[in-house]
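Here's the letter readout for the chains.
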Amino acid sequence: MPKRKRTATTTTTTTAATGTSLLPQKKHYRQRAHANPFSDHSLVYPSSPDSIDWSSHYPAFANQRPSFADIGCGFGGLLITLAPQFPDTLIIGLEIRVQVTQYVQDRITALRATADQYQNVSVIRANAMKFLPNFFHKASLTALFFLFPDPHFKTRKHKARIISPTLLAEYAYVLAPGGIVYTITDVEDLAQWMRAHLDAHPLFQFVEEQELREEGKGPILDAVYGSTEEGKKVERNAGQKWLACFRRIEVKRVNVI
């Protein structure tokens with residue numbers, strides 16, 4: 001029997017009795033937990049950041065671009081948590097899985113229909129390991145989030161990890177000086193991997209959690225710890241989380257004569 005196609009009535013619906021918009025249900029958006037970032041996913045990438053019509057993502061905000069980017073946003077827990085806390089900041093999620101991206105889109109649509117607090121959040125289906133600078137101008141972001149990324153346990157799969165020397169160069173390019181990279185995982189080996197690679201990069205400097213909280217970033221850190229599906233699952237299983245945050249720094253060029 002062919003697979004039944006998901007329709008609008010199985011995602012975001014409105015009850016006749018109450019007129020209340022219902023959020024989409026995850027059971028209608030089944031998808032594998034991870035996707036191969038090296039596969040051809042038939043994705044269309046913008047030729048440059050200027051070719052993106054951000055007004056289609058944020059109709060309430062004219063001539064503005066995202067400042068926060070959640071890489072591999074999953075089901076959008078961080079996006080939805082941060083949106084009302086930072087109403088004047090545009091937040092974008094990048095997700096490679098088609099059904100998960102659709103879920104987040106439908107979730108945002110439903111929330112916008114019932115509240116005015118989620119006009120500043122959106123999602124794009126994209127592979128962040130390819131052409132990230134095509135989405136964002138140089139130094140245009142103030143926060144990058146990598147929350148519970150795929151650990152790719154096998155050594156031969158480590159090249160697919162979202163934190164690597166090559167990708168860090170791109171993250172440094174799109175992140176403004178003073179911007180923060182937030183990473184968290186429940187896999188100790190991956191935590192050590194991400195910390196080691198970020199420590200080794202000349203444009204990133206480790207920053208203590210307490211220092212960020214003193215700077216007023218406590219709500220962001222709280223969302224990083226507990227807003228995602230993965231983070232909540234770790235808490236239910238009494239697991240451990242490893243947080244590491246890095247600030248984008250400027251390094252003066254030295255002219256060699």
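Residues numbered from 1 in each chain as written. Predicted model: local features only at pLDDT ≥ 70, side-chain atom pairs only at ≥ 80, totals over all residues. Heavy atoms only, no water.

J.: Mind laying out the sheet that holds strand 1 (residues 68-71), listing which residues take part and the relevant values?
T.: Two orientations exist for strands paired in a sheet by backbone hydrogen bonds: parallel and antiparallel. Taken together, the 7 strands give an open sheet; going across it, the order is 3-2-1-4-5-7-6, and neighbouring strands pair in mixed fashion. Every other strand in the sheet has two partners, leaving strand 3 (121-125) and strand 6 (204-207) as the edge strands with one partner each. Across the sheet, the mean angle from the axis of one strand to that of its neighbour is 20°, orientation sign disregarded. The sheet strands contacting helix 6 (residues 218-226) are strand 1, strand 4 (141-147), strand 5 (175-185) and strand 7 (242-248), and the helix crosses strand 5 at an angle near 35°. (Pairing = 2+ DSSP bridges. Helix = DSSP H or I, 4+ residues; strand = E, 2+ residues; numbered from the N terminus. Axes fitted to C-alpha atoms, helices over the stretch in contact; angles between N-to-C directions. Contact = heavy atoms within 4.5 Å.)

J.: I'd like a rundown of the side chain of N120, residues and numbers included.
T.: In this fold, N120 is placed in the loop between helix 2 (98-114) and strand 3. Look at N120 and you get buried, because its relative accessible area is 1%. Engagement of the side chain of N120 in a polar contact is seen with the backbone oxygen of A83, the distance being 3.1 Å. Leaving out residues up to four positions away in the same chain, N120 has contacts with Y58, F61, A83, F86, P87, T89, L90 and I91. (Buried < 20%, exposed > 50% of the residue type's maximum accessible area, 1.4 Å probe, protein only. Polar contact = N/O pair within 3.5 Å; in protein donor to acceptor, adjacent residues only side chain to side chain.)

J.: Before we move on, could you go through the pairing of strand 3 and cite the residues and values that matter?
T.: Burial runs high along strand 3: 4 of the 5 residues are buried. In this structure, strand 2 (residues 91-95) lies alongside strand 3, joined through 5 bridges in parallel fashion. Within the sheet, the bridge partner assigned to I91 lies in strand 3 and is V121. Handedness of the crossover is the feature at issue here: the chain leaves strand 2, passes through helix 2, returns alongside strand 3, and the resulting connection is right-handed. (Right-handed = clockwise from strand over helix to strand, strands pointing away.)

J.: Report on the nonpolar core, specifying residues and quantitative values.
T.: The biggest cluster of nonpolar side chains holds 35 residues, and the ones touching the most others in it are I71, F136, L144, Y171 and F204. For this core, the elements supplying multiple residues, two or more each, are strand 1, strand 2, strand 4, helix 3 (165-174), strand 5, helix 4 (188-200) and strand 7. It is helix 3 that provides the largest number of residues to this core, a total of 5 residues. With residues near it in sequence (within four places) discarded, I71 still touches L94, A128, L132, L144, F145, F146 and I162. Residues L78, Y103, V121 and L212 belong to the second largest nonpolar core, which totals 30 residues. (Core = buried A, V, L, I, M, F, W, Y, C linked by side-chain atoms within 4.5 Å.)

J.: Account for the pairing of strand 1, with residues named and values stated.
T.: Because side chains alternate across strand 1, one face comprises the buried residues F68 and D70, and the other comprises A69 and I71, equally buried. Bridge analysis of strand 1 against strand 2 gives 4 bridges, and the strand direction is parallel. Within strand 2, the residue paired with I71 across the bridge is L94. Handedness of the β-α-β unit built from strand 1, helix 1 (residues 77-82) and strand 2 comes out right-handed. As judged from the 3 bridges shared by strand 1 and strand 4, these two strands associate in the parallel manner.

J.: Could you give an account of helix 6, with specific residues and numbers?
T.: Helical geometry note: an α-helix holds 3.6 residues per turn, so side chains three or four residues apart project in the same direction. G218, I220, L221, A223 and V224 are the residues of helix 6 that are buried. On its buried side, helix 6 packs onto strand 1, helix 1, strand 4, strand 5, helix 5 (209-214) and strand 7.

J.: Give me the packing of aromatic side chains: which residues, what numbers.
T.: Under the criterion given, the structure shown has 11 aromatic pairs. Between the aromatic rings of F68 and F145, the centroid separation amounts to 5.9 Å while the plane-to-plane angle is 65°, which identifies the pairing as edge-to-face. One end of the pair, F68, is in strand 1; the other, F145, is in strand 4, with 77 residues separating them in the sequence. Take F145: its relative accessible area is 1%, and that puts it in the buried class. Pairing F146 with Y171 gives two aromatic rings, centres 4.8 Å apart and planes at 45°, and the pair type is tilted. (Phe/Tyr/Trp six-rings, centres within 6.5 Å; stacked < 30°, edge-to-face > 60°.)

J.: Account for the environment of Q99, naming residues and giving values.
T.: Here Q99 is to be found in helix 2. For Q99, a relative accessible area of 18% corresponds to the buried category. In this structure, the C-alpha to C-alpha distance between Q99 and R125, residues 26 residues apart in sequence, is 9.6 Å.

J.: Quick one: what's the story with the environment of V234, residue by residue and with numbers?
T.: Mapped onto the elements, V234 comes out in helix 7 (residues 229-236). For the pair V234 and T185, spaced 49 residues apart in sequence, the C-alpha to C-alpha distance is 9.5 Å. Apart from residues lying up to four places away in sequence, V234 is in contact with F148, D186, G239, Q240 and K241.

J.: I'd love a proper account of the pattern of salt bridges, names of residues and values included.
T.: On inspection of all chains with the given rule, the structure shows 10 salt bridges. Here R161 and D189 are joined by a salt bridge, their closest N and O atoms 2.9 Å apart. Pair noted here: R161 is in the loop between strand 4 and helix 3 and D189 is in helix 4, with a separation of 28 residues, a long-range link. Exposure remark for D189: the relative accessible area of 42% places this residue in the partly exposed category. One salt-bridge network, held together by shared partners, links E211, E215, K217 and R247. (Salt bridge = Lys/Arg side-chain N within 4 Å of Asp/Glu carboxyl O.)

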